[in-house]
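Letter by letter, the chains look like this.
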Amino acid sequence: MRAFNLREQSPLGTSPIAGKVQTVLGPVDPESLGPTITHEHLLIDFTVVFMEPSNTDDAGLARENLSLGNLGWIRHNWNSSLDNLRLLDEGVATSEAAKYFEAGGRTMVDVTSNGLGRDPEALARISRGTGLNVVMGGGHYISATHPAEFEAFTAEDIAETIIRDIEVGADGTDIRTGIIGEVGVSSPWNDSERKTVQAAVIAQNQTGAPVLIHPGRDEELPRQILDAMAEWGGDMSHTVMGHIERTIYSRDALKRVADTGAYLNFDLFGHDSSFYPLAPYSYMPNDAQRMDQIEFLIDEGHVDQILLAHDVCSKHRLKEYGGHGWDHIVARVVPQMQARGISQGHIDRMLIGNPREMLTFT
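## Considerations on helix α3 (residues 90-102)
Phase 1 of the analysis: Across its 13 residues, α3 extends 18 Å between first and last C-alpha, which sits within 8% of the 18 Å expected from 1.5 Å per residue.
Phase 2 of the analysis: Within the sequence span of α3, burial applies to V92, A93, E96, A97 and Y100. Buried residues of α3, seen end-on, are gathered within an arc of 125° and therefore sit on one face of the element.
Phase 3 of the analysis: In this structure, the buried residues of α3 make contact with β3 (36-40), β6 (107-110), α4 (120-130) and α11 (328-340).
Phase 4 of the analysis: With a side-chain oxygen lying 2.9 Å from the backbone nitrogen of G91, the N-terminal cap of α3 falls on D89.
Phase 5 of the analysis: Downstream of α3 by one or two residues, G104 has phi in the positive range, about 115°.

## A word on unusual backbone geometry
Phase 1 of the analysis: Residue E182 is bonded to the preceding G181 through a cis peptide linkage, with omega at 10°.
Phase 2 of the analysis: The topology assignment puts E182 in strand β8 (residues 179-184).
Phase 3 of the analysis: In this model, S187 is joined to P188 through a cis peptide bond whose omega is 5°.
Phase 4 of the analysis: Secondary-structure assignment places P188 in the loop between β8 and α6 (191-207).
Phase 5 of the analysis: Of note, D171 is a non-glycine position whose phi angle comes to about 55°, a positive value.
Phase 6 of the analysis: By the secondary structure assignment, D171 is in the loop between α5 (155-167) and β8.
Phase 7 of the analysis: Its relative accessible area of 43% is what places D171 among the partly exposed residues.
Phase 8 of the analysis: Non-glycine residue D311 carries a positive phi angle of around 50°.
Phase 9 of the analysis: Its location among the elements puts D311 in the loop between β12 (306-308) and α11.

## A few points about the environment of A103
Phase 1 of the analysis: Tracing the backbone through its elements, the reader meets A103 in the loop between α3 and β6.
Phase 2 of the analysis: Residues A103 and A331 lie 228 residues apart in sequence; the distance between their C-alpha atoms is 6.3 Å.
Phase 3 of the analysis: Apart from residues lying up to four places away in sequence, A103 is in contact with D327 and V330.

## Focus on the confidence of the model for the protein chain
Phase 1 of the analysis: When pLDDT is averaged across the protein chain, the result is 95; 96% of the residues are at 70 or more.
Phase 2 of the analysis: The secondary structure element of the protein chain with the lowest average pLDDT is helix α1 (residues 6-9), at 39, and the one with the highest is β12, at 99.

## Brief notes about the pairing of strand β11 (residues 263-266)
Phase 1 of the analysis: The side-chain alternation of β11 yields two buried faces, one formed by Y263 and N265 and the other by L264 and F266.
Phase 2 of the analysis: In terms of strand pairing, strand β10 (residues 239-241) meets β11 through two bridges, oriented parallel. Looking at β11, one finds that M241 is bridged to L264.
Phase 3 of the analysis: Strand direction decides the pairing type here: β11 and β12, joined by three bridges, are parallel. Directly across from F266, in β12, lies its bridge partner L308.
Phase 4 of the analysis: Handedness of the crossover is the feature at issue here: the chain leaves β11, passes through helix α10 (residues 287-299), returns alongside β12, and the resulting connection is right-handed.

Conventions used here
- Residues numbered from 1 in each chain as written.
- Predicted model: local features only at pLDDT ≥ 70, side-chain atom pairs only at ≥ 80, totals over all residues.
- Heavy atoms only, no water.
- Helix = DSSP H or I, 4+ residues; strand = E, 2+ residues; numbered from the N terminus.
- Expected span 1.5 Å × (residues − 1).
- Buried < 20%, exposed > 50% of the residue type's maximum accessible area, 1.4 Å probe, protein only.
- Arc of directions from axis to C-beta.
- Contact = heavy atoms within 4.5 Å.
- Polar contact = N/O pair within 3.5 Å; in protein donor to acceptor, adjacent residues only side chain to side chain.
- pLDDT = per-residue confidence, 0-100.
- Pairing = 2+ DSSP bridges.
- Right-handed = clockwise from strand over helix to strand, strands pointing away.

Rendered as C-alpha cells:
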C-alpha cells in the first residue's frame with residue numbers, strides 16, 4: 001500500500017496547506033478561528049461505552065428515552081442509557097452549535113474518529129448552517145472500535161488510511177480531516193492501540209496535521225504515551241493530550257506531562273457529576289477543580305499549552321435535554337475565570353491563541 005504524499009508534490013517539501021487550518025469547508029487562515037473549543041462531538045454513536053446498570057432494579061431505565069423523569073438518574077449513570085449515548089439528530093446539533101456561535105464561539109473541533117459514527121457531510125452542513133468553523137477528526141478510537149482487519153495491518157497500513165482522510169477526503173467524500181484524533185488508548189495500553197498511535201505519528205510526520213490523544217484512566221499513562229510518541233518521531237509541540245482533569249490528579253504527575261511540551265486539554269467543562277461510571281474508583285472533578293489545575297499550570301509557566309473544551313458526547317449535556325450546552329465555556333466559565341483573577345490575556349491564550357497554533361498545519 002502506498003500513502004498519498006502531498007509533501008512530495010510541493011516544491012518546498014511541505015504540505016500545500018502548511019500554515020492553514022483544515023476545516024470541513026476547506027482550509028482557512030488561522031487568524032479567522034476566534035474562540036475555539038477543542039474536543040467536542042456534534043454527532044456521535046457512543047454506544048461502545050454502554051454498560052448495563054449495576055443495580056438490577058434500574059435495568060429498564062437503560063432502554064428508556066431521556067426525559068425529565070429519568071434525567072437525574074442519567075446524569076449519574078450517563079453511560080447506562082442507550083438513548084443518551086446516541087447524538088444522531090443533525091437538527092438538534094445545528095441548533096445547539098448555533099447557540100455557541102451566538103455566545104461568541106467561532107470554531108469547534110469535532111474529534112469523532114473512525115468507529116464512532118463520524119459523518120463528514122453532516123458536519124459540513126452544520127458548519128454552513130451555523131457559520132462555525134468545524135474541524136473534523138480522524139484516526140481511530142479505542143480498540144473496541146477497531147475493524148477486524150486491523151489485526152493484520154501494520155502501523156504503516158493504518159497510517160495510509162489516515163493520510164487519505166487528510167489529503168483526499170474522508171469516508172468516500174472530498175471533506176478532509178483537520179486533526180488526527182481522538183486516538184484512543186485504553187489502560188492497559190494494548191497492541192492494536194499501539195499500532196493506531198504509531199500510525200497517527202507517521203501520518204502527522206507526512207501531513208503536518210495535529211494529533212489528539214484519548215488516554216485510559218491511569219495517571220502515569222499520558223506521560224507514557226507521549227514518551228512513546230516522541231520516540232517514534234512525533235511532534236510534541238503539535239500533539240494534544242486529552243482528558244487531563246479526569247486522568248491526572250497529582251500536581252507532580254501534571255507537571256511531568258506539561259514538561260513534554262504537549263498541549264493539555266481540559267475538555268470536560270460542564271461535566272460536574274463527581275461520580276464517574278467509567279472509573280468508579282476515581283471521581284470527576286467539577287469546574288472549580290478544573291480551574292484549580294489550570295491556575296497551577298499557569299503559575300508553572302505552561303499557559304501556552306492549555307486548551308479548553310466540554311467533550312459533549314451524550315444528550316444529557318445539551319440544552320435541548322437539560323444540560324449546559326456548547327456555550328458553557330464562553331458564556332459561564334470565562335466569567336468565572338475572570339472572577340478568580342485569571343487575566344484576559346491568559347484566557348485569550350487558552351481559548352484563541354493556543355487552539356489557533358495547535359490546529360495550524362506545519
